[in-house]
There are 2 protein chains.
Amino acid sequence: MPRSRSSQVRPTGPVRPGPDSRAALRPAAGVIDSGFWHARREVNARVCLPQGPELLESAGNLHNLRSAAGRADGTFQGDYPFLDTDVYKWLEAASWQLAQAPDAVLEAQAEEIITLVEAAQEPDGYLSTWFQLGKGEGRYTDLRWGHELYCAGHLIQAAVAHHRATGRTRLLDVARAFADHLDGVFGPPGSGKAIDGIDGHPEVETALVELYRETGERRYLDLAAYFVDRHGHGLLGGESYCQDRVPVREATEVEGHAVRQLYLLAAAADLATETGDGGLRAAGERLWHAMTTTKTHLTGGVGAHHDQEDFGDPYELPNERAYCETCAAIASVQWSWRMALLTGEARYSDLVERTLFNGFLAGVSLDGESWLYVNPLQVRDGHVDPGGDHSARRTRWFRCACCPPNVMRLLASLEHYLATGDEDGLQIHQYVTGTYATDQVSVGCVTDYPWHGTIALTVERTPADRPWTLSLRVPQWCEEVRLRCGEEVREVTPADGWLRLERTWAEGDRVVLELGLEPRLTTADPRVDAVRGCVAIERGPLVYCLEQADHPGGGLDDIVLDTARPLAVKHRPDLLGGVTTVVAAGRRRPAAPAGWWPYGPPGTSPGDGGESVELTAVPYYAWANREDGAMRVWLPTS
Amino acid sequence: MPRSRSSQVRPTGPVRPGPDSRAALRPAAGVIDSGFWHARREVNARVCLPQGPELLESAGNLHNLRSAAGRADGTFQGDYPFLDTDVYKWLEAASWQLAQAPDAVLEAQAEEIITLVEAAQEPDGYLSTWFQLGKGEGRYTDLRWGHELYCAGHLIQAAVAHHRATGRTRLLDVARAFADHLDGVFGPPGSGKAIDGIDGHPEVETALVELYRETGERRYLDLAAYFVDRHGHGLLGGESYCQDRVPVREATEVEGHAVRQLYLLAAAADLATETGDGGLRAAGERLWHAMTTTKTHLTGGVGAHHDQEDFGDPYELPNERAYCETCAAIASVQWSWRMALLTGEARYSDLVERTLFNGFLAGVSLDGESWLYVNPLQVRDGHVDPGGDHSARRTRWFRCACCPPNVMRLLASLEHYLATGDEDGLQIHQYVTGTYATDQVSVGCVTDYPWHGTIALTVERTPADRPWTLSLRVPQWCEEVRLRCGEEVREVTPADGWLRLERTWAEGDRVVLELGLEPRLTTADPRVDAVRGCVAIERGPLVYCLEQADHPGGGLDDIVLDTARPLAVKHRPDLLGGVTTVVAAGRRRPAAPAGWWPYGPPGTSPGDGGESVELTAVPYYAWANREDGAMRVWLPTS
């Protein structure tokens, strides 16, 4: 494990609260040098990102831009009005990647695509190849499904990333022209603007806040605020799918299409951060609590329904039909990170960690070659897969390929979600081997987390003459925490998730945090009907699952876990790129009695007995990387 | 309770195996005079059927026929290519109703609509207003979704019903012209026919068998056999949705769109019955077993997924997202009845009974004014209903209104699903107050089933000189059966579901069957993950549920049933049109501890304690007839 670098790092990143904002915490710079996330990001850089242009070419996305620019046959390829955004998300990802390390090939690819985007843009700033190529009836005639502002949002985010990463303004100029165009068209009644409207898919709102942050242009912030507050007033017919049933400020439940809901709430958090809007902050806190207590899967995944891709009712958290779209996990991370910056509270980063290690990371294969759009918590014995975008099997690319470039941009910018700074010092939210730095201080970190719980921190840059606080997030799941400072070792129990170490630090000072990683069994609130009588295996931030590949000789649906027997840990460098497995004792239920009806009086079903089986649980993020087969996160106990 | 009629009854009905068929049993005639089903059929006759023409007018179905006939503006109203079938199903229902009792108004309405159907038909026999009015690209260019043969199927079924009920041939002439046209167009490679193809939605197959039965024209049977066997060969791309992934003869699982699967299997049973095809019979027996053991809800409802309206994986039987389309329950009854005729086995009618009393009957409101398309087994506290066709709230009519006229036709023909005859005598499958009759014998029945278990049977017509067997189905759920013949009372335990009473009967002979109706708790096979740790309340053929309306002071998701306390029965003539309720003891779990994460170590969730609650369970078929609120069939026990 290499020693972390202490080089000065330039804070770029996707969420940069402005100088006058009310952020409790501001993102610190991060570098990831080695370890778990470094390996995942290497695959992103080496496999996923380089394949982007070719996949965007074969799926027609680049063709559409070329057509709109008058450089192709004028047809639109593909089935959806939002296909431009796959290009923008890839550009954003490439930009964050270029911010980390120069890459002449990647840079040339990005610049070539930006040239295409420039050429496709209408003189007045409008840009949606779907409408430009005649697939839609006319600009802004179908705000419910047309996705024009959604496209603008991803364009803006890509442009901000490109500007922050490279200092160049060419994509930013395109984005500003589109934003200025939108500002000229959309506004409330009485504003003199042509349209009082919102997009059925929120996204432009949070992008406009970031454009304000990047340019200082207040109009963009105001436009974002207008859009956020016009949701829920029936402008699109009042559907929860479009986040139009109830205004954000009044909502008591997360509802409707999960990605739309969470992008909208990310924007609400951004606005509260920039403007101090207490109503939006309270709504965010209320809705985040509602989401985590009643509508979040153990993996951090959200979205219970295939149909409508939406949240279910409270405690409706199915396993085999968990939708848990990869994009929704990303949106959850984006929202929670903004809430962490706004409030300074550790729980938001607890959910970020859980989501990153489980519901998010499962979305990309270990080799970076294939993807999951939906992330179920169970695949049954005898599963017949319908194929298509919503398959429970990994897929090379999707007809609706929103998820893959979304994964790429989050992985490529992950170092910006690790740490924050405030007047008092540095807060470390996520543990990686690398460096965390504010303008004043920097701390190096060496860890083999999440496989081992030892996190060795070294102060690398500090003012010599005044105290500051190094705050370490102690994960919500962690029950045993030890801190070593020099010779001293002590048990600690942080009250609010933060372990705060205030002192006058010297360069070279070392602190070692030890997080207990005993594997554990987890149960759910009894209202989660789907997992009654079951436990899940977890270790550290990782949710585990059983896969068919590790359990020959029978299916998984008859497996029963023996909770009385201890769990054992076994590191398997050979398996799935190197994982720590958890070994448990269980049995396979005896065969059901013959008969045609599976219901009957209590006691008639095959409960006890059956052959003993050693169960090998692997991290959920690594599932579906071997042959097709059954998988279970939640395991019956009797 | 009136004395049942012993009048001679004419066997009409929807499934009439031909004289050379291999049916083990042949439908007997039935009359329903009074009691439970009589009341439901009265609502059907008095409310549902008379409203049909007006609803078909306002939804555009009749307009489309008028347009195709050149008597309206030539536009197509509505969103689906199969809207003609709503008209045909209503005509079928009206015909069965007219077979029971003269009704001049209903008859005039039917004849007027038949005149419209006649006028809409093309000279060559083709009839699909969707394609005739230019909504489709051209005849048979979209067999996957065009539904042209599906429309033909429902037209044929309506025509057979109209002919059997009235003796008139005008609709039958229309249907034969369409069938002859299809026979001229469709056939296997080498047959000289233009198209080797099938319809994405099976239905024409079983209709063609019935047309063969009605006309004696063998070509129709052969065409049906051709269509059935061409499924599963990739003619439509190989999707299970369209029943095109695997040939019926080779299938081991029911799969894909539930209604499509079951209509296809009904046709396979018809073919096996008419031709003695052992492969199709074996497939039917195998697939029925696969469906009932692993893919049928307690209510008899089938179809686990909203998305695609399809069967799920084995043992994937969700509660709140049970799709259980009303049409799928009807299709299940149609298939099972055909299997009962083919094999003579009682279990098929066991499932018919369960489905009729629960998953089917819930589809129509008690007042006949509104409907459920989907029939979930749970509505959660805090449910936000999306509205639309797939709402968990009753709806006046649907955009896709397949279910309401399907309910009407089954209720109007229900007397044909009650009894059968064979060389040995009469078999009674379902118990009603009324009469069961073959050419040789007739038996009257008086019962207050399902509220009471006493079934009083009187031989009303019998040859005096030779013995025959009166066979009574003893329901699969029934554990206590007593038989009274004169003074003799005896416990009986039928081995195969049939209680066979062979003797030389005299007119006026009485037999009283007593089915024990103690309320009972039911559990599921442990592989049904969705209901682990839960029980359901049942009594006789009825599945019960809790509704919010009977449990003020809190929601239903915290209710726990106390299995140690006895169940009590309380008849409530005031409630829901008069139902027997089951009263149980339970408690409401204490509130969950504060905190944002609903998962944790075993023992941390609120398990024990809480306030005692008296639980009032009502029959599932009667749910959703009061104010909106939560509902549960399966109840946690700890």
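This structure is a prediction, so every number in the text was calculated from the model and none was measured. (Residues numbered from 1 in each chain as written. Chains lettered and ligands numbered in written order. Predicted model: local features only at pLDDT ≥ 70, side-chain atom pairs only at ≥ 80, totals over all residues. Heavy atoms only, no water.)

1. So, empty space enclosed by the protein
Part 1: Across all of its chains, the model carries 15 cavities of 30 Å³ or more by this definition.
Part 2: Size it by volume and the largest cavity reaches roughly 320 Å³.
Part 3: A class-by-class count of the residues in the lining of the largest cavity yields 9 nonpolar, 7 polar and 12 charged. (1 Å grid on protein atoms, 1.4 Å probe; cavity = no way out; pocket = protein on both sides within 12 Å on 5 of 7 lines; lining within 4 Å. Points joined across faces, edges and corners; volume = space filled by probe spheres on them. Nonpolar A, V, L, I, M, F, W, Y, C, P; charged D, E, K, R; others polar.)

2. Structural notes on the relation of the copies chain B and chain A
Comparison of the two chain copies shows a relationship of rotation about an axis with a shift along it.
Part 1: You can overlay chain B on chain A at an RMSD of 0.0 Å; the transform is a turn of 180° with a shift of 0.0 Å along its axis. Taken together, the rotation and translation relating the two chain copies correspond to the operation of a two-fold axis. (Least-squares fit on C-alpha atoms with pLDDT ≥ 70 in both.)

3. Side note on helix H12 (residues 326-343) of chain B
All names here are of chain B.
Part 1: With 18 residues, H12 should reach 26 Å at 1.5 Å per residue; the first-to-last C-alpha distance of 26 Å fits that figure.
Part 2: The buried fraction of H12 is high, at 18 of 18 residues.
Part 3: Directly beyond the C-terminal end of H12, a positive phi value near 80° is found at glycine 344. (Helix = DSSP H or I, 4+ residues; strand = E, 2+ residues; numbered from the N terminus. Expected span 1.5 Å × (residues − 1). Buried < 20%, exposed > 50% of the residue type's maximum accessible area, 1.4 Å probe, protein only.)

4. A closer look at the pairing of strand S21 (residues 611-619) of chain B
Residues and elements named next belong to chain B.
Part 1: One ladder, built from 3 bridges, connects strand S16 (residues 542-547) with S21; its direction is antiparallel. Looking across to S21, one finds that tyrosine 544 is bridged to proline 619.
Part 2: Pairing between strand S19 (residues 579-588) and S21: 7 bridges, direction antiparallel. By the bridge assignment, alanine 585 is partnered in S21 with glutamate 614. (Pairing = 2+ DSSP bridges.)

5. Notes on the pattern of salt bridges
Side chains that differ in sign of charge can pair as their charged atoms come close.
Residue and element names in this part refer to chain A.
Part 1: Scanning all chains against the criterion turns up 106 salt bridges over all chains.
Part 2: In this structure, the salt-bridge partner of glutamate 611 is arginine 588, at a minimum N-O distance of 3.6 Å. Highlighted residues: glutamate 611 in strand S21 (residues 611-619) and arginine 588 in strand S19 (residues 579-588), separated in sequence by 23 residues.
Part 3: Residue arginine 588 is classed as buried on the basis of its relative accessible area of 9%.
Part 4: Through salt bridges with shared partners, a single ionic network connects Arg164, Glu210, Arg213, Glu214, Asp270, Glu274 and Arg338. (Salt bridge = Lys/Arg side-chain N within 4 Å of Asp/Glu carboxyl O.)

6. Notes on unusual backbone geometry
Part 1: Tyr449(A) connects to Pro450(A) through a cis peptide bond whose omega is 5°.
Part 2: By secondary structure assignment, the location of Pro450(A) is in the loop between strand S7 (442-447) and strand S8 (454-461).
Part 3: Positioned with a positive phi, Cys324(A) is a non-glycine residue whose angle comes to about 45°.
Part 4: Turning to its location among the elements, Cys324(A) is positioned in the loop between helix H11 (278-294) and helix H12 (326-343).
Part 5: Not every positive phi belongs to a glycine, and Tyr315(B) is a case in point at roughly 70°.
Part 6: Within the element layout of this structure, Tyr315(B) appears in the loop between helix H11 (278-294) and H12.

7. A look at the sheet that holds strand S5 (residues 425-428) of chain A
Residues and elements named next belong to chain A.
Part 1: The mixed open sheet is built from 5 strands, whose spatial order is S1-S4-S5-S9-S12. Single-partner strands in this sheet number two, and they are strand S1 (26-27) and strand S12 (498-503).
Part 2: With 6 bridges joining them, strand S9 (residues 468-473) and S12 adopt antiparallel strand pairing. Pairing of leucine 470 across the sheet is with leucine 501, part of S12.

8. Some words on the state of the cysteines
One covalent bond between the sulfur atoms of two cysteine residues makes up a disulfide.
Part 1: A complete count under the given rule lists 0 disulfides over all chains for this structure.
Part 2: Cysteine Cys485(A) is unpaired, with the sulfur of Cys445(A) as its nearest cysteine sulfur at 14 Å.
Part 3: Of the cysteine sulfurs around Cys478(B), a residue in no disulfide, the closest is that of Cys445(B), at 15 Å. (Disulfide = S-S within 2.5 Å.)

9. With respect to the sheet that holds strand S12 (residues 498-503) of chain B
Part 1: The 5 strands lie next to each other as S1-S4-S5-S9-S12 (chain B), forming an open sheet whose pairing is mixed. Lying at the two open borders of the sheet, with one neighbouring strand each, are strand S1 (26-27) and S12 of chain B.

10. Comments concerning the environment of Val160(A)
Residue and element names in this part refer to chain A.
Part 1: One can find valine 160 in helix H6 (residues 148-166).
Part 2: On the basis of relative accessible area, valine 160 is assigned to the buried category, the value being 2%.
Part 3: Apart from residues no more than four positions distant in its own chain, valine 160 is found in contact with Leu172, Glu210, Leu211 and Glu214. (Contact = heavy atoms within 4.5 Å.)

11. Topic: the confidence of the model for chain A
All names here are of chain A.
Part 1: Looking at chain A, pLDDT values average 95 and 98% of them are 70 or higher.
Part 2: Across residues 1-9, confidence stays below pLDDT 50; counting only partners more than four residues off in sequence or on other chains, it has 28 contacts.
Part 3: Interface predicted TM-score (ipTM) for the complex: 0.93; the corresponding pTM is 0.95. (pLDDT = per-residue confidence, 0-100.)

12. A look at the interface of chain B and chain A
Part 1: Listed per partner, the contact involves 60 residues of chain B and 60 residues of chain A.
Part 2: Broken down residue by residue, the surface that chain B buries against chain A is led by Trp596(B), Trp597(B) and Tyr599(B), which jointly contribute 16%.
Part 3: Along the contact surface separating chain B from chain A lie 6 salt bridges.
Part 4: Across the pair Arg527(A) and Asp558(B) runs a salt bridge whose closest N-O atoms are separated by 3.7 Å.
Part 5: The interface formed by chain B and chain A includes 26 residue pairs in polar contact (both at pLDDT 80 or more). (Buried area = accessible area lost by both parts, 1.4 Å probe. Polar contact = N/O pair within 3.5 Å; in protein donor to acceptor, adjacent residues only side chain to side chain.)

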